[in-house]
Every structure is written in structure tokens, then in C-alpha cells.
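Okay, here's what each chain looks like letter by letter:
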Amino acid sequence: ADHAPMRLTGLTVTGPDGKAVQPENSATLKKRSVFDVNLAQPGTYRISVENKGAFANWKDAEGKPKRARGTADTIAKEIPADAKEVQISESIGRNESFVTVGKPSAIKPHGTGLELAFVNPADATDHVKGEKTTFVILLDGKPAADVEVAVTRGNTQWRDKLEEREYKTDAKGQVTVDWPEAGMYWLEAKSSDKKTSIPQATQRRLSYSATLEVLP
């Protein structure tokens, strides 16, 4: 927050019926991006910003390190023919928020990259101080074991310690988080593998983050 605006290029909003909801009045300001979502039906909405890209590192004819970024379709064009020691990696990142109107509804997974799933539909938005929530971390639509998850309470600018808490998913891809204080929280998960969709890439870097509200 208050650092740089999130780009809305990969913004999607999914309604309780699984259909896309068109964001309204989108604008990118100096330090933040804003938009409206019309919550026309009861249930749980998922608001996602997905970023996909490719990164390349190499050495030129003189042995100097070079690098470039692009998409799966453009990254090869960024690398000169005489490049040496070329390394290409693919990245998939997703940031999400969840909003429930009335009774919670189940959320269908994206099926690609890292994402958050829930043991019960209410776990997407029903978080209360002093209670616990069990999340499921999915990788390409399946529960992922041994994924590192970090949870940080908001308002870090008003305390001298980050207070990041670290977890790791179990064999079922689950992690249970307790909520010591009310407020906003940031949940983040990271992983990597070699299951790339770009032929030249040797590594896939995956990241996921979500903002969650905890009530008193």
C-alpha cells in the first residue's frame, strides 16, 4: 500500500455462479488502482489479478550479463542470436480478494499455478479474532504439500517488527492459521518447479497472495 499502483491488466472478477463480472470505473492512480464491482447476486465473489511472464538471463559476446522480460510469445525475440549461457524462467503470480454477500458459496479453482481453496465455503471470508481457519493450497488444481506460507497482519507502518508468521502445508495441502488480532492480513505462498509451458524455460516460479479481513 502507498508504494505503487497494482496494474489491472490481469484483473478478473468471478461471481457466485462462476461467470465473469465486469469491473466498472477502473482507474490507475499515482499510488493505487481502483474499480467498482456490482454485487448483484448473493454468494462469494473472487477478485483476481493474475500476472504471467517470462524472464531471461544470458551473456553477450563480450561476456557481460544481460537480462530481459516478456511473455511466452515474446521472450525468444528479446534474446540475440549470439547469446551465451541462456537461462529462461516462467512466472505465474496471482493476487486475490474474496467478498461474500449473504450466504457463502463454493469457489471453483482456476486450475493453474498456486491458489487458495477452502475446506468450507465460509472460510473464504469468515475470519474472527481468536479463531482459526484451515486453508488448502492448490498447485495446478491439486493440493500441494510442503508449500511455504507466510501470514502478516496489516498496518506494518505502525510497528517496528513485521510480525510475519511462517507455515508449511501438510500432506493434504492444508495449513491452519490463527487470528490473534482483528484487521487486515496478507497471506502469501511461493513455490517453483520445472513444469513450464514455455519450451525454452527450465524453471517455473509460482507465487500467490491474498488479502483477508478478520473481524473482532
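See the structure shown above.
Fair warning: this is a prediction, and the values are worked out from it, not measured in the lab.

(A) Fine view of the pattern of salt bridges. Scanning the entire structure with this criterion turns up 11 salt bridges. Salt-bridge contacts for Glu62 lead to Lys64; the nearest nitrogen and oxygen are separated by 3.5 Å. Accessibility expressed as a relative area gives 62% for Glu62, which makes it exposed. Overall, the relative accessible area of 46% leaves Lys64 in the partly exposed class.

(B) Molecular detail of unusual backbone geometry. Notably, Glu85 is not glycine yet its phi reads approximately 55°, a positive angle. With respect to the helices, strands and loops of the structure, Glu85 is situated in strand β6 (residues 84–101). By relative accessible area, Glu85 is classed as exposed at 58%. In this structure, Asn155 is a non-glycine residue whose phi angle is positive, near 60°. Along the chain, Asn155 falls in the loop between β10 (148–153) and β11 (165–168). The class of Asn155 is partly exposed, set by a relative accessible area of 48%.

Rules of the game
Residues numbered from 1 in each chain as written. Predicted model: local features only at pLDDT ≥ 70, side-chain atom pairs only at ≥ 80, totals over all residues. Heavy atoms only, no water. Salt bridge = Lys/Arg side-chain N within 4 Å of Asp/Glu carboxyl O. Buried < 20%, exposed > 50% of the residue type's maximum accessible area, 1.4 Å probe, protein only. Helix = DSSP H or I, 4+ residues; strand = E, 2+ residues; numbered from the N terminus.

As far as function goes, none of this settles anything; it's purely spatial.
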